[in-house]
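Architecture at a glance
So the chains spell out like this:
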Amino acid sequence: MSSPVLVCALRGIDAFRALGAALKGWTQGRDRLSTGDSLPQAVMALTPEVTFRQAILFFTEADFVTGKARFYCLLSHNTQNSTQICFSSVVGESWRCRAESLFSYLQAGAQVLCAVLLIKPGVWSRKLPRILRNLHLEKFSVVGMKHLELEAAAASALLPSEVQQDPAAVEAHCAYLTSGTALVLCLQRPNAVKKLMDLLGPEDPQLAQAQNPCLWRAQYGTSTVQNGFYGSQSYPMAVRDVKLFFPEGLCCAQCQTVQEEEV
């Protein structure tokens, strides 16, 4: 054995993509500094199946501390110089702390989650049948639906943090969001939050169009203000949105996550 290795268990939302991008940038920086083998190397696996097998090799249940996080998959790979292992998870602020089997979650696969989709004024009244059909094709279940006229405070709360730093942008967004009736849907499926974000695309419809013309904001949006949709960007935001728009509860939302968050 030429040298010791460091095995790390990490967790984060969309961990496959995020860790892969981080390691790519780190590797490029390392290569600019040295072409030899003096600097450490790190690699990761690309599938949950491989990472699960690696987790069994390196860890036991006693090695993990469970708490306010739900684990979905583990990234790992082994080389002569180093090993990198990573958990992918969605973190909720109010998970009950209790002893849980992380390996059971790895075997169970993706958990059923809820996400909120707000169809902005002027879009849902014209395109609702097509939107609902597309949601059905993407395996979403609608467990909550209501149309409402947003108040300025609620509209402002939906804006991304970078937009909230610009008073003029906040005014433009709020004026549009409060200009007519919006339709709010609570959607349910495995990995609902990430899947919804993947369908909507970037906030800017032009960027969405350049990325993929089939993205929903590319199809229905005309500007960063009138971009067609708002979607919960993370699991904590989805919990907040459900409580904001559906305080009376949801229809047939029988997933464990909803019960534990007491939505």
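These lines cover the structure that appears in this document, whether it is placed above or below. Computed from a prediction, not measured in an experiment: that's the story for all the values here. Residue numbering note: each chain is counted from 1, following its sequence as written. Owing to the predicted nature of the model, reporting of local features is limited to residues with pLDDT of at least 70; listing and counting of side-chain atom pairs is limited to 80 or more, with chain, interface and lining totals taken over all residues. Only heavy atoms go into the side-chain values, all of them from the structure, while hydrogens and water stay out.

**So, the overall build of the protein chain**
For the protein chain, the count of helices and strands is 12 helices and 7 strands. Burial analysis of the protein chain (263 residues in total) assigns 43% to the buried set. Here the contacts in the protein chain between residues at least 6 apart in sequence split such that 73% fall between residues at least 24 apart. Counting from the N terminus, the helices are DSSP H or I runs at least four residues long and the strands are E runs at least two residues long. Exposed residues in this analysis have more than 50% of their type's maximum accessible area, buried residues have under 20%, and partly exposed residues fall in between, with area computed by a 1.4 Å probe over protein chains only. In what follows, a contact means two residues having at least one pair of non-hydrogen atoms within 4.5 Å.

**Notes on empty space enclosed by the protein**
Put plainly, a pocket is an open set of points on a 1 Å grid over the protein atoms alone with protein on both sides within 12 Å along at least five of seven lines, a cavity is a set where a 1.4 Å probe fits but cannot get out, and a lining residue has an atom within 4 Å of a point. Grid points are joined across faces, edges and corners, and a volume is the space filled by probe spheres set on the points. Throughout the structure, instances matching the rule amount to 2 cavities of 30 Å³ or more. In this model, the largest cavity occupies a volume close to 100 Å³. Lys120, Leu158, Leu159, Pro160, His173, Leu177, Glu203, Arg217, Phe229, Tyr230 and Gln233 together form the lining of the largest cavity. Of all elements in the fold, only α7 (167-177) and β7 (229-231) reach the threshold of two or more residues within the lining of the largest cavity. Among the residues forming the lining of the largest cavity, the class breakdown is 6 nonpolar, 2 polar and 3 charged. Three classes are used, and their members are as follows: Ala, Val, Leu, Ile, Met, Phe, Trp, Tyr, Cys and Pro are nonpolar, Asp, Glu, Lys and Arg are charged, and the others, Gly among them, are polar.

**A look at helix α11 (residues 235-245)**
Restricting attention to buried positions, one finds in α11 the residues Tyr235, Ala238, Val239, Asp241, Val242 and Phe245. End-on view of α11: buried residues confined to an arc of 165°, all on one side of the axis. By construction, the arc corresponds to the directions joining the helix axis to the C-beta atoms.

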